[in-house]
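Commentary on secondary and tertiary structure
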Amino acid sequence: MNSQDLLRKLNDAPFRPFHLRLANNATYDVVDPRMITVGDSSAVVATRNIRDARGNLTTTEVTTLTSTQAAALTTAQLSTLTSTSIQAFTTTQANALSSTQLRGLTTTAVGNFSTTQLGQLTTTQTQGLTTTQLNSLSSDNLQALTLSKFATGQVSGLTTTSIANLTTTQVS
């Protein structure tokens, strides 16, 4: 079964539980489509409940994600995380997030990243942020970013309020 076949099975309406047998002959009962995050050439199978009562990842479970698992999270999954859960991401986990994942986040979700996490974003990740996301950041969060990592379009898209919130060190 390839990733497209697995995605079709997970997106069946209505969803029907199924057994998944891996190459090493391990088997899993897939009782909920949210148990699997499908990548291009791999899939992550949740083998225990990693959701809170609303179906979201808990802070405790966020801390146990590998960088591969963090990279496999959808923007929808990331956007449902609480501020505490987002701030529980380690540098390694946060660096595993793609610019596409970051670009797809709500402004609230981006604003929930700590100043430390934002300051450690790579150039590619920083350039993945939209001007709407950047302009929605608090002054502390905006000041945590390294301006030299911004794309030209991001700089020109900053509002006068955001520009006023930049430090002299960022601008020079």
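Residues numbered from 1 in each chain as written. Predicted model: local features only at pLDDT ≥ 70, side-chain atom pairs only at ≥ 80, totals over all residues. Heavy atoms only, no water.

With respect to the helices, strands and loops of the structure, Gly 128 is situated in helix H10 (residues 123-128). In this structure Gly 128 comes out as buried when scored by relative accessible area, which is 1%. Not counting chain neighbours up to four residues away, the residues in contact with Gly 128 comprise Ser 99, Arg 103 and Gln 133. (Helix = DSSP H or I, 4+ residues; strand = E, 2+ residues; numbered from the N terminus. Buried < 20%, exposed > 50% of the residue type's maximum accessible area, 1.4 Å probe, protein only. Contact = heavy atoms within 4.5 Å.)

The subject of this paragraph is helix H1 (residues 3-10). Looking at H1, one finds that the buried residues are Ser 3, Leu 6 and Leu 10. The arc that holds every buried residue of H1, seen down its axis, measures 60 degrees, which confines them to one face. Structurally, H1 contributes buried residues whose contacts are with strand S1 (18-21), strand S2 (27-30), strand S3 (36-38) and strand S4 (43-45). Between the side-chain oxygen of the N-cap and the backbone nitrogen of Gln 4 there are 3.0 Å, and the N-cap of H1 in question is Asn 2. (Arc of directions from axis to C-beta. Polar contact = N/O pair within 3.5 Å; in protein donor to acceptor, adjacent residues only side chain to side chain.)

With that settled, the discussion passes to the pairing of S2. Moving residue by residue along a regular strand, the side chains alternate between the two faces of the sheet. Relative to S2, S1 is paired through four bridges, and the arrangement is antiparallel. If you follow Phe 18 over to S2, its bridge partner there is Val 30. In this antiparallel pair of consecutive strands, S1 and S2, the connection spans five residues, and Asn 25 shows a positive phi of 75 degrees. (Pairing = 2+ DSSP bridges.)

Across all of its chains, the model carries three salt bridges by this definition. Its salt-bridge partner being Arg 16, residue Asp 12 comes within 3.3 Å of it at the nearest N-O pair. Exposure remark for Arg 16: the relative accessible area of 48% places this residue in the partly exposed category. In this structure, the salt-bridge partner of Arg 34 is Asp 32, at a minimum N-O distance of 3.1 Å. A residue is classified by how much of its surface remains accessible, and Arg 34, at 46% relative accessible area, is partly exposed. With relative accessibility at 23%, the residue Asp 32 sits in the partly exposed group. (Salt bridge = Lys/Arg side-chain N within 4 Å of Asp/Glu carboxyl O.)

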